[in-house]
Amino acid sequence: MKAELHCHTKLSDGSYTFDEILDLAIHEGVSHLAITNHDTTRELHDMEVKGHERGVEIIPGIEISAYDFERRRRVHILGYYIEPGHAAIEELCNPLLEKRHQGCVTAVTRLIEAGYSITWEEVLKHAEGGTGVYKQHIMHVLIDRGYTDSIYGELYKKLFSRGQNGEQPGIAYIPTEYADASDAVRAILQAGGVPVLAHPGQYRSFEKVPDLVEAGLQGIEVWHPLHGPEDEERAQELAKQYSLIMTGGSDFHGFYGEKEVVLGSKSPGLDTVKAIKERKQLLSDK
C-alpha cells in the first residue's frame, strides 16, 4: 500500500472533488491520504469519516502559502494531523483566502478590459464549492473560450508573469501578501499538527530551513514531481542535519497540475506516516 502526502481538491486549486480523489486513491492502492488544500481545513472531518468507511486513512492536512521576506521567495508549509478549524490556522489563513480571491477579481476585470471575451460568472462556475477563485479557474475559462489549450502554457506565462529580470509583470499578475513562513510553522504547531517544508526545490527555499527549524519545523518534502536528483539530495542532507522527517507526495491537482502526475506516485512509504504520528505524539507530550 502507498501513502500520498500532498493532494488538493476542488476546495482549493484542484480539479477533482474529494469523492473522486477517494475513488482514485483506492484504485491506485493508496491507504493513507493527506488532504492538503491551500490555506483551508474545510470539510476535513467529513473526509476522514468517508475515508474510514472505505478503508483509507485520511490525514487531515493543509498547505499554507507563506513567504520568506528576507530572500523575497514563496515558501509553502505543509501541516499534517492538524485540528481542522483551529483558531491559529483560521486567523493566519482566512485573510489570505480573501486577498487571493479579490486579486482574481481584479485580474479578471483587467483581462476583460484588455479584450478577452470572458466573464466573472464563468470563472466562478469553475471555482464553485471552493474557498475562492484561483488562477487555474481563470485559465480554465480561457481554455473554454479557445484562447489556449493548456493551463500552464505560453498564455499563462504572459498573463501571470511576475515581471522578474527587468520584465514587465503580466496584466493578470496581482501580488498577494503572504504570511511569514515561520508564523505558518508556528500556527500548524498550535493546531496540534506536524509542520513540513513543501517542495523546497520548486521555490528555492532551502536556505530558509535553519529559520524554520528554529520556529519548529519537523519535516521536509524530499520526493516531489518538480524535484530533480539534486533537489532530493539537498533535501535529504538537510533532513539528516536537522533531524527532519523526509516526506513526499505527488502534489496532485488533477487537470490543474503543473505536470501530469499519478496519485500516490511519490509515496515516501508507510514508515513515513508512522514517523509523522510519532513526532505528533512527541510534540503533544512537550
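For the structure itself, look to the data block above.
Let us look at the structure shown here. (Residues numbered from 1 in each chain as written. Predicted model: local features only at pLDDT ≥ 70, side-chain atom pairs only at ≥ 80, totals over all residues. Heavy atoms only, no water.)

Side note on the nonpolar core
Within soluble globular proteins, side chains that are nonpolar tend to cluster in buried spots. If you look at the biggest cluster of nonpolar residues, it comprises 29 residues, and the most contacted ones within it are Ile-64, Ile-77, Ile-89, Leu-197, Leu-212 and Ile-220. Taken together, the elements giving at least two residues each to this core come down to strand 3 (57-68), strand 4 (73-80), helix 3 (87-113), helix 7 (181-190), helix 9 (209-215), strand 7 (219-223) and helix 10 (229-242). Here this core takes five residues from helix 7, the largest share from any one element. Residues within four places of Ile-220 in sequence aside, it is in contact with Val-196, Leu-197, Pro-200, Val-209, Ala-235, Leu-238, Ala-239, Leu-244, Ile-245, Met-246 and Thr-247. Core analysis: the next-biggest nonpolar cluster, separate from the first, contains 21 residues, Leu-111, Val-141, Ile-151 and Tyr-256 among them. (Core = buried A, V, L, I, M, F, W, Y, C linked by side-chain atoms within 4.5 Å. Buried < 20%, exposed > 50% of the residue type's maximum accessible area, 1.4 Å probe, protein only. Helix = DSSP H or I, 4+ residues; strand = E, 2+ residues; numbered from the N terminus. Contact = heavy atoms within 4.5 Å.)

Quick word on the packing of aromatic side chains
When we look at a pair of aromatic rings, we describe it by the centre distance and by the angle of the planes. A full pass over the atoms with the stated rule returns seven aromatic pairs. With 5.3 Å between their ring centres and 90° between their planes, Tyr-16 and Phe-252 make a pair best called edge-to-face. Within this pair, whereas Tyr-16 is found in the loop between strand 1 (2-4) and helix 1 (18-27), its partner Phe-252 is found in the loop between strand 8 (245-248) and helix 11 (270-285), the two being separated by 236 residues in sequence. Accessibility expressed as a relative area gives 30% for Tyr-16, which makes it partly exposed. When the ring of Phe-255 is compared with that of Tyr-256, the centres are 5.8 Å apart and the planes differ by 45°; the resulting orientation is tilted. By relative accessible area, Phe-255 is classed as partly exposed at 40%. Among the aromatic residues, ring-to-ring pairing joins Tyr-67, Phe-69 and Tyr-178 into one connected group. (Phe/Tyr/Trp six-rings, centres within 6.5 Å; stacked < 30°, edge-to-face > 60°.)

Concerning the pattern of salt bridges
Counting across every chain of the model gives 14 salt bridges. The closest approach of N and O atoms between Glu-43 and Arg-42, which form a salt bridge, is 3.6 Å. Look at Glu-43 and you get partly exposed, because its relative accessible area is 40%. The class for Arg-42 is partly exposed, based on a relative accessible area of 37%. In the salt-bridge network here, residues are joined through shared partners; they are Asp-68, Glu-70, Arg-71, Lys-208 and Asp-211. (Salt bridge = Lys/Arg side-chain N within 4 Å of Asp/Glu carboxyl O.)

Keep in mind these values describe shape, not function.
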